[in-house]
Amino acid sequence: MRTALLLVGAVVMAAGLASCAAAEKTVDYSADSVTLAPGEALVVDFGEVNASVGQEWVLTREPDAAVLGPGEERSRYLGDDGMTGAPSEVTYRFAPVGEGTTVIEFEYRFRGSVPEEADEQKTSRIEVTVK
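Below is a summary of the structure that appears in this document.

Rules used throughout
- Positions within a chain are numbered from 1, following the residues in the order the chain's sequence is written.
- Selection of residues for local features in this predicted model requires a pLDDT of at least 70, selection of side-chain atom pairs for listing and counting requires 80 or more, and totals for whole chains, interfaces and linings are taken over all residues.
- Excluding hydrogens and water, the side-chain figures rest on all heavy atoms present in the structure.
- Only DSSP runs of H or I with at least four residues qualify as helices, and only runs of E with at least two residues qualify as strands; both kinds are numbered from the N terminus onward.
- Between buried and exposed lies partly exposed: a residue is buried under 20% and exposed over 50% of the maximum accessible area for its type, with that area taken using a 1.4 Å probe on protein chains only.
- When checking whether two residues touch, look at their non-hydrogen atoms; a contact exists if any pair is within 4.5 Å.
- By the convention used here, strands pair only if DSSP detects at least 2 bridges between them.
- Whether two aromatic rings pair depends on their centres lying within 6.5 Å, for rings of Phe, Tyr and Trp, where Trp uses its six-membered ring; planes under 30 degrees apart make the pair stacked, over 60 edge-to-face, and the rest tilted.
- Note on method: axes are straight lines fitted to C-alpha atoms, helices fitted across the in-contact stretch only, with angles between N-to-C directions ranging 0 to 180 degrees.
- Nonpolar cores were defined as sets of buried Ala, Val, Leu, Ile, Met, Phe, Trp, Tyr and Cys residues, with membership established by side-chain atoms within 4.5 Å.

Turning to the overall build of the chain, a few remarks are in order. The number of helices and strands found in the chain is 1 helix and 8 strands. Reading the chain from its N end, one meets helices and strands in the order α-β-β-β-β-β-β-β-β. For the chain, with 131 residues in total, the buried portion stands at 30%. Within the chain, contacts between residues at least 6 apart in sequence are counted, and of these 65% link residues at least 24 apart.

Following this line, the structure appears as structure tokens:
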């Protein structure tokens, strides 16, 4: 009986941890603001970015460390195995730390610099509230 109760407890705990890990809200980089529930992580979606030609999004304003943890860049390569030069889907993930409001900012860069052409210059400023 004790073993069965321990097994049930372990399954319930694992299910709870899995549901916490899956609690994410994804927004496009063009979003102005987002509100998160406590425990809900923020994922900022930048779409397709081709680092092989020099495209990148850079975090230029870190969030308040009392509200969100540091951003973690994630990418998923879209090319076939062994293929070079294909774009990747790029996101940044921020885990919540506490309640409050903070701002994060990003800047698009091409080959390490802000593009000279005004229509190619892109920024992202998102106000994030955790409550």
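Okay, the environment of F46 next. Here F46 is to be found in strand β3 (residues 41-49). The class of F46 is buried, set by a relative accessible area of 5%. As for F46 and D28, which are separated by 18 residues in sequence, their C-alpha atoms are 6.5 Å apart. When near neighbours in sequence (up to four residues on either side) are disregarded, F46 contacts Y29, W57, V90, T91, Y92 and F106.

In this section: the pairing of β3. With 5 bridges connecting them, strand β1 (residues 24-28) and β3 associate as parallel partners. Its bridge partner being in β3, K25 is matched across the sheet by L42. Bridging between β3 and strand β6 (residues 88-94) involves 6 bridges; their strand directions are antiparallel. Bridging across to β6, E48 finds its partner in E89.

Moving on to the packing of aromatic side chains. Each aromatic ring pair is summarised here by two numbers: the centre-to-centre distance and the angle between the ring planes. For the coordinates displayed, the defined rule picks out 9 aromatic pairs. Taking the centre distance of 4.7 Å and the plane angle of 45° together, the rings of Y29 and W57 count as tilted. One end of the pair, Y29, is in the loop between β1 and β2 (33-36); the other, W57, is in strand β4 (residues 55-61), and 28 residues separate them in sequence. On the accessibility criterion, Y29 (21% relative accessible area) is partly exposed. Summarising the aromatic geometry, the rings of F46 and F106 are spaced 4.9 Å apart at their centres and angled 70° between planes, so their arrangement reads as edge-to-face.

As summarised here, the arrangement of the 4 strands in space is β2-β8-β7-β4, forming an open sheet in which the pairing is mixed. Each edge of the open sheet is held by one strand with a lone partner, namely β2 and β4. Taken pair by pair, the neighbouring strands of this sheet meet at an average axis angle of 25°, ignoring direction. Both strand β7 (residues 100-110) and strand β8 (residues 123-130) contribute to a ladder of 8 bridges, which runs antiparallel. Within β8, the residue paired with G100 across the bridge is V130.

Attention now moves to the nonpolar core. Among the nonpolar cores identified, the biggest contains 21 residues, and L42, V44, F46, F94, I104, F106 and V128 are the most heavily contacted of them. Looking at this core, the elements that each hand over two or more residues are β2, β3, β4, β6, β7 and β8. If one sorts the elements of this core by residue count, β3 sits on top with 4 residues. Setting aside residues up to four positions removed in sequence, F106 forms contacts with V44, F46, W57, V58, L59, T60, Y92, F94, T123 and S124.

Any link to function would need more than the numbers given here.
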